[in-house]
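Letter by letter, the chains look like this.
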Amino acid sequence: MTHDHLDAPVRAASRPFGRVLTAMVTPLTADGELDLDGAARLADHLVAEQGNDALVVNGTTGESPTTTDAEKERLIRAVVEAVGDRARVVAGVGTNDTRHTIELAATAEKAGAHGLLVVTPYYNKPPQAGLLRHFTAVADATGLPVMLYDIPHRSGVPIETETLVRLAEHGRIVAVKDAKSDLTATSWVTSRSDLAYYSGEDSLTLPALAVGAVGVVGTSTHFTGTDTKRMIEAYDAGDTATALALHRRLLPLFTGIFRTQGTILVKAGLAACGLPAGPVRSPLVDATEDQLAQLRADCAAAGLPLPE
C-alpha cells in the first residue's frame, strides 16, 4: 500500500510580505502630535537594524483608533519615503464601516503603500455573510494586495474557516494576520487555500510555522526582529533545534511585551533605547516605573537587555 500523496513534498507557501513584519508604533512629540521625522527614523531602524522585511503602519499598535485619517495618510507617506525602497509598507485601513475602509484603502494606495491590512469589523459584530461582503468590497476597490486581520478577542467576531477559504478565491486577498489562537483552524485554512499566514501572536510564531504559516506580524519585533527572523530561517532550513532554542530564549519578551497593552510597553522600551516613540494618546496611559522595570527584566531574560 502506497501513500503517494504523503510522499509528495508540501509546496512552500509564498511570502508576499516577507518573513518578519513589525506592527510599528506611531511616534509622537512630547505634546502628543505626530512625529514624522521620528517615524522615518524608527522605520529605518526597524528595517536596517531589526531585519524587518515589511512594516505595518496605522495598525492598532500604531494607535489607529486615535489618529485621524489625515495623520494616517501623512504617516504612510513618511514611512514609504524612508524605507519603501528596502521594505514593503503595509497600511492598516480596517474599520467597522465598509465605506470608510474603502476610503482609507484608496488614500493608502495613493500615498504609496504596498499592501493593506484589513481587520475584522469590530463592535457591530457582523455575521459571516457581512464579513465576506466587507472584505470583498475592499479588495474590489483597490489594486493592492490585502492581508486580512483575524483577531476575535478585539473584534468580537472570528473569520470562520469557510469564510476565509471563500475569500482566498479573490485575486488580491493574499494573506492573513492570524491572532485567533486556534492552530487547528489555522491548519484547516492553510491546507485548503493559498493564503499566506502570518502569526499575529509573537509567542505562537514557531508553532504556526509547523502548520503552514510563513512569518509573523509582531509587536516584540521592535526589539526581537533579528532573532525572530533567525528563528524562522532556522525552521525553514530544517534546523528545528535552533528554532526551538531561539523561541524559548525570546519567550519572555514575546509574552512580556503584552503585560499591559503592547503599544505602551513598546514605546517605553524604545524611549529607553533612545529611539523615537513619545507618549501614547488617551485612553492609553504611559508605562509606569514598575512596568518599565518589569520590561527591563523581560528583555534581559530574552538576552536583549535595554540600555540603562
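Rules of the game
- Residues numbered from 1 in each chain as written.
- Predicted model: local features only at pLDDT ≥ 70, side-chain atom pairs only at ≥ 80, totals over all residues.
- Heavy atoms only, no water.
- UniProt positions renumbered as here; feature names shortened; annotations may be inferred.
- Helix = DSSP H or I, 4+ residues; strand = E, 2+ residues; numbered from the N terminus.
- Buried < 20%, exposed > 50% of the residue type's maximum accessible area, 1.4 Å probe, protein only.
- Contact = heavy atoms within 4.5 Å.
- Areas by Shrake-Rupley, 256 points an atom, 1.4 Å probe, with all protein chains shown as cover.
- Lys, Arg positive; Asp, Glu negative; His and termini not counted.
- Charge placed at Lys NZ, Arg CZ, Asp CG, Glu CD.
- Pairing = 2+ DSSP bridges.
- 1 Å grid on protein atoms, 1.4 Å probe; cavity = no way out; pocket = protein on both sides within 12 Å on 5 of 7 lines; lining within 4 Å.
- Arc of directions from axis to C-beta.
- Expected span 1.5 Å × (residues − 1).

For the chain, an unreviewed UniProt entry supplies the name 4-hydroxy-tetrahydrodipicolinate synthase and the organism Micromonospora endophytica. Taken from UniProt, the Sequence similarities (unreviewed entry) comment for the chain reads in full: "Belongs to the DapA family." We quote the UniProt Function (unreviewed entry) comment for the chain here in full: "Catalyzes the condensation of (S)-aspartate-beta-semialdehyde [(S)-ASA] and pyruvate to 4-hydroxy-tetrahydrodipicolinate (HTPA)."

## Brief notes about the overall build of the chain
The helix and strand inventory of the chain stands at 13 helices and eight strands. Expressed along its principal axes, the backbone C-alpha trace of the chain runs to roughly 65 × 45 × 35 Å. Across the 308 residues in the chain, those meeting the buried criterion constitute 52%. Here the contacts in the chain between residues at least 6 apart in sequence split such that 69% fall between residues at least 24 apart. As displayed, the chain offers around 13300 Å² of accessible surface, 52% of which is attributable to carbon and sulfur atoms. Side-chain charges of the chain comprise 27 positive and 37 negative groups, with the mean position of each set lying 2 Å from the other.

## A few points about the pairing of strand β6 (residues 173-178)
Among the six residues of β6, five are classified as buried, and the element is accordingly described as predominantly covered. Sheet topology note: the β6/strand β7 (residues 196-199) ladder contains four bridges and is parallel. The residue of β7 that forms the bridge with valine 176 is tyrosine 197.

## Looking at the UniProt feature "active site" (unreviewed entry) in the chain
According to UniProt, the positions carrying the feature "active site" (unreviewed entry) are Tyr149 and Lys177. These annotated residues cover 29 residues of sequence, but their C-alpha atoms sit close together, with the largest distance between any two at 4.7 Å. Residues that both appear in the annotated list above and line the second largest pocket are Tyr149. Mapped onto the elements, tyrosine 149 comes out in strand β5 (residues 146-150). Residue classification places tyrosine 149 among the buried residues on the basis of a relative accessible area of 8%. Not counting residues up to four positions away in its chain, the partners in contact with tyrosine 149 are Leu117, Val118, Val119, Thr120, Ile159, Lys177 and Ala179.

## Digging into helix α8 (residues 183-192)
Those residues of α8 that sit buried are Ala185, Thr186, Val189 and Thr190. All buried residues of α8 fall inside an arc of 130° around its axis, so they share one side. Of the residues in α8, the exposed ones pointing more than 90 degrees away from the buried face are Thr184, Trp188 and Ser191. Its buried side turned inward, α8 meets α7 (161-167), β6 and β7.

## Focus on helix α13 (residues 289-301)
Helix length check: α13 (13 residues) gives 18 Å between terminal C-alpha atoms against 18 Å at 1.5 Å per residue, within 8%. Among the residues of α13, those classed as buried are Leu292, Leu295, Asp298 and Cys299. Taken end-on, α13 shows its buried residues confined to a sector of 120°, consistent with a single buried face. In α13, those exposed residues whose orientation departs by more than 90 degrees from the buried face are Glu289 and Asp290. Of the surrounding secondary structure, the elements contacted by the buried residues of α13 are α11 (240-256) and α12 (262-272). A positive phi of about 75° marks glycine 303, the residue just after α13.

## Observations regarding unusual backbone geometry
Residue proline 283 follows serine 282 across a cis peptide bond; omega there is 20°. Along the chain, the position of proline 283 falls in the loop between α12 and α13. At glutamate 63, a residue that is not glycine, the phi angle is positive and equals roughly 60°. Among the secondary structure elements, glutamate 63 is positioned in the loop between β2 (54-57) and α3 (69-83). Taking the relative accessible area as the measure of exposure, glutamate 63 reaches 2% and is therefore buried. Of note, serine 181 is a non-glycine position whose phi angle comes to about 55°, a positive value.

## Digging into the UniProt feature "binding site: pyruvate" (unreviewed entry) in the chain
With numbering aligned to this structure, UniProt lists the feature "binding site: pyruvate" (unreviewed entry) at Thr61 and Val217. A compact arrangement is adopted by the annotated residues: their sequence extent is 157 residues, whereas the largest C-alpha distance between any two is 11.0 Å. Ignoring anything within four residues of it in the chain, the contact list for threonine 61 reads Ala23, Met24, Val25, Thr26, Thr219, His222 and Thr263. You can see valine 217 is positioned in strand β8 (residues 215-218). When near neighbours in sequence (up to four residues on either side) are disregarded, valine 217 contacts Leu21, Ala23, Val56, Met147, Lys177, Tyr198, Ser199, Gly200 and Asp202.

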